[in-house]
Amino acid sequence: MTVAPVPAPRASAPRTLRPLVGVLGAMAVSLTGTRVSAIALPWFVLATTGSATMTGLVAFVEMTPYVLVKALAGPVIDRLGPRAVSWTTDAVSAVAAGLIPLLHGLDVLPFWLLLVLVGLVGAVRGPGDLAKEVMVPEAADRARVPLERATGLAGVTERLASTVGPAVGGSLIALVGPMAGLTVNAIAFALGSLVIGLVLPAGMGRPAVAVQPAGGAAGPEEQPGYWQMFREGFTFLRSEPLMLTVIVMIGVTNLLDAGFMTVLVPVWAQESGGGPGAIGLTGSAWGIAAVCGSLIAAAVAHRLPRRAVFFAGFLLCGAPRFLVLALDAPMGVVLAVFAVGGFGSGFLNPILGAMTFERVPRHLLGRVGALGDSLAWAGIPLGGLLAGGAVALTGLIPVLFVCGGLYFATTMLAGLRPEWREMDRLRGRGRGPAGSVGEAAEPGAPDGAAAVGEPARPTLST
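Cut-offs used in this document
Residues numbered from 1 in each chain as written. Predicted model: local features only at pLDDT ≥ 70, side-chain atom pairs only at ≥ 80, totals over all residues. Heavy atoms only, no water. Helix = DSSP H or I, 4+ residues; strand = E, 2+ residues; numbered from the N terminus. Buried < 20%, exposed > 50% of the residue type's maximum accessible area, 1.4 Å probe, protein only. Contact = heavy atoms within 4.5 Å. Areas by Shrake-Rupley, 256 points an atom, 1.4 Å probe, with all protein chains shown as cover. Patch = residues over 30% accessible without salt bridge, like charges linked within 9 Å, V, L, I, M, F, W, Y side chains within 5 Å. Salt bridge = Lys/Arg side-chain N within 4 Å of Asp/Glu carboxyl O. Core = buried A, V, L, I, M, F, W, Y, C linked by side-chain atoms within 4.5 Å. Phe/Tyr/Trp six-rings, centres within 6.5 Å; stacked < 30°, edge-to-face > 60°. Lys NZ or Arg CZ within 6 Å of the ring centre and 35° of its normal. Axes fitted to C-alpha atoms, helices over the stretch in contact; angles between N-to-C directions. Parallel < 35°, antiparallel > 145°, perpendicular 65-115°, else oblique. pLDDT = per-residue confidence, 0-100. Expected span 1.5 Å × (residues − 1).

Caption draft 1: Up close: the overall build of the protein. When helices and strands are counted, the protein shows 17 helices and two strands. Counting all 462 residues of the protein, 55% fall into the buried class. Long-range pairs, those at least 24 residues apart, make up 88% of the contacts in the protein between residues at least 6 apart in sequence. For the protein, the exposed surface amounts to about 18,500 Å²; the carbon and sulfur share of it is 71%.

Shown next as structure tokens:
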């Protein structure tokens, strides 16, 4: 028995932007709610407990199940379909997130129950985020847009959420209090669930279909088991040197980014006298420039040489921001470096997403994407802990220099490996159900008309 991918829309099928708008809309509301919560929840814990340790524990409890459950969710997404997983997990997240302000208002929210609810949100959010990513290439097929453009628009959506969410969260905290931000998070999850369940056209986001070798329909008993599906994803990922190299590199940069954002920037703001305002200014400069970079990437990235632009983007967004803080540069210079870095980061996900989307058969989307994302995110829960310990031992400046050097070495020296030459080789091509390279699609035809296979990209947090 083999597992066949869901067929892509035929080139003769009518073009429709509804699926792409629906998926991006669901991503926008759920990601914005998450970013609002990322400001409101730590502030709520800090304000109610007065403990930085408990605040860090809440973040750890949310992100650890996010990574672990996401790693195991791939076969479930492939079997049930990304659409069903997305709206279901968003609905559960809405209930769990909504219980926090409700129970707090009733004065029946002990700290242990807060940890349980936050952990539940993290556990179901991982599969939900991945399920939306898995539907992006199918939405691109139906809209007949290049993969770089579709992933670029997804990147714009993520960058906008990362820019708007903290601003909204900070404003709500100042005007109403942190519970308002957590309520907005619950509402955003509910809206995301409704968009995926009601707005997307019928037949989109279906599960992979099990068939017999002769082509006859398979009964339920012939469906592959969970661990067999998991093993198929692991085996495929292990056979892709370029994807493995990308995942390892992004895993290291995500760890460094997590330490930078959660510890190094706040400590720099405190020691430099800039305070929370400096954190907001640097974040805004980065976010606005990243949105601009993502918009340009969505428009022209499919015409650019991937490898050169990819490493140029990492050169701009990586080591310079660590070094400019270590050198105690004036705020104007700091903002300029952050803006240039954010602009460069806007090109990364569209190129990386399109490159990886071309390499994996569609029936492996969920399981390969789950493994890749989880490996790439594995260091994030530890980033703040390691950065905090290092600063306590040696001080801020040495840690900034060391982290900047590690970032440069990881992104630039890793680019000398021979597998990076594959980044442009399969451009415009896809893999069929068996993993064979297909012919390039006709210009104007939907990606997938030539048996394109596309995985979820390893998630970047630059």
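That covers the picture; the talk isn't over yet.
Caption draft 2: Seen up close, the environment of Gly169. With respect to the element layout, Gly169 can be found in helix 6 (residues 147–175). Here Gly169 falls in the buried class, since its relative accessible area comes to 0%. Not counting chain neighbours up to four residues away, the residues in contact with Gly169 comprise Val36 and Ile39.

Caption draft 3: Representation of a nonpolar patch on the surface. Taken together, the side chains of Leu57, Phe60, Leu382, Leu385 and Leu386 present a nonpolar region at the surface, about 450 Å² in accessible area. Elements represented by at least two residues in the nonpolar patch include exactly helix 2 (52–72) and helix 16 (380–394). Residue contributions to the nonpolar patch peak at three residues, all from helix 16. Take Phe60: it is sitting in helix 2.

Caption draft 4: Region of interest: the nonpolar core. Among the nonpolar cores identified, the biggest contains 50 residues, and Leu264, Phe310 and Leu325 are the most heavily contacted of them. Ranked by residue count, the leading element in this core is helix 9 (residues 241–272), at 13 residues. Leu20, Leu24, Ala139 and Ala143 belong to the second largest nonpolar core, which has 21 residues in total.

Caption draft 5: Representation of the pattern of salt bridges. Going through the model one piece at a time under the given rule, you end up with five salt bridges. Across the salt bridge formed by Arg125 and Glu62, the nearest N and O atoms sit 3.7 Å from each other. Of the two residues, Arg125 sits in helix 5 (residues 111–143) while Glu62 sits in helix 2, which places them 63 residues apart along the sequence. A residue is classified by how much of its surface remains accessible, and Arg125, at 8% relative accessible area, is buried. For Arg142, the salt bridge goes to Glu138, with nearest N and O atoms at 3.2 Å. A residue pair is termed a helical-turn pair when its members lie 3 or 4 positions apart in one helix, as Arg142 and Glu138 do in helix 5 at four residues. Exposure remark for Arg142: the relative accessible area of 19% places this residue in the buried category. Among the charged side chains, a network of salt bridges with common partners joins Glu62, Arg125 and Asp129.

Caption draft 6: Examining unusual backbone geometry more closely. Of note in this structure, Arg144 is not a glycine but carries a positive phi near 55°. With respect to the secondary-structure elements, Arg144 resides in the loop between helix 5 and helix 6. Among the residues examined, Arg144 registers a relative accessible area of 24% and is labelled partly exposed. If you check the backbone angles, Asp328 has positive phi at about 55° while not being a glycine. For Asp328, the position within the fold is in the loop between helix 12 (319–326) and helix 13 (331–345). For Asp328, a relative accessible area of 60% gives the class exposed.

Caption draft 7: Examining the packing of aromatic side chains more closely. Tallied over the entire structure, the rule returns eight aromatic pairs. Plain terms: the ring middles of Phe343 and Phe347 are 5.4 Å apart, the flat faces sit at 65° to each other, and that makes the pair edge-to-face. The class of Phe343 is partly exposed, set by a relative accessible area of 32%. Assessed through its relative accessible area of 10%, Phe347 is described here as buried. A connected cluster of aromatic rings, assembled from ring pairs, spans Phe260, Trp286, Phe310, Phe311, Phe314, Phe322, Phe338 and Tyr407. Between Arg321 and the ring centre of Phe260, over which it is positioned, the NZ or CZ distance is 5.0 Å.

Caption draft 8: Representation of the packing of helix 11 (residues 306–317) against helix 17 (residues 396–412) within the structure. Running from amino to carboxyl end, helix 11 crosses helix 17 at an angle of 180°, the nearest separation of the two axes being 10 Å. By the angle class used here, helix 11 and helix 17 are roughly antiparallel. Contact residues: helix 11 offers Phe311, Phe314 and Leu315, while helix 17 offers Tyr407, Phe408, Thr411 and Met412.

Caption draft 9: How the structure looks around the confidence of the model for the protein. Model confidence for the protein is summarised by a mean pLDDT of 77, while 81% of its residues fall at 70 or above. Confidence, read as mean pLDDT per element, is least for strand 1 (residues 2–4) in the protein (41) and greatest for helix 12 (93). Taken together, the stretch residues 1–8 has pLDDT below 50 and engages in 27 contacts with residues farther than four places along the chain or on a different chain. Scored below 50 in pLDDT, residues 210–221 shows 15 contacts in the model against residues more than four places distant or in partner chains.

Caption draft 10: Representation of helix 16 within the structure. Between its first and last C-alpha atoms helix 16 spans 21 Å; for 15 residues at 1.5 Å apiece the expected length is 21 Å, and the two agree. Within helix 16, the full set of buried residues consists of Ile380, Pro381, Gly383, Ala387 and Val391. Downstream of helix 16 by one or two residues, Gly395 has phi in the positive range, about 100°.

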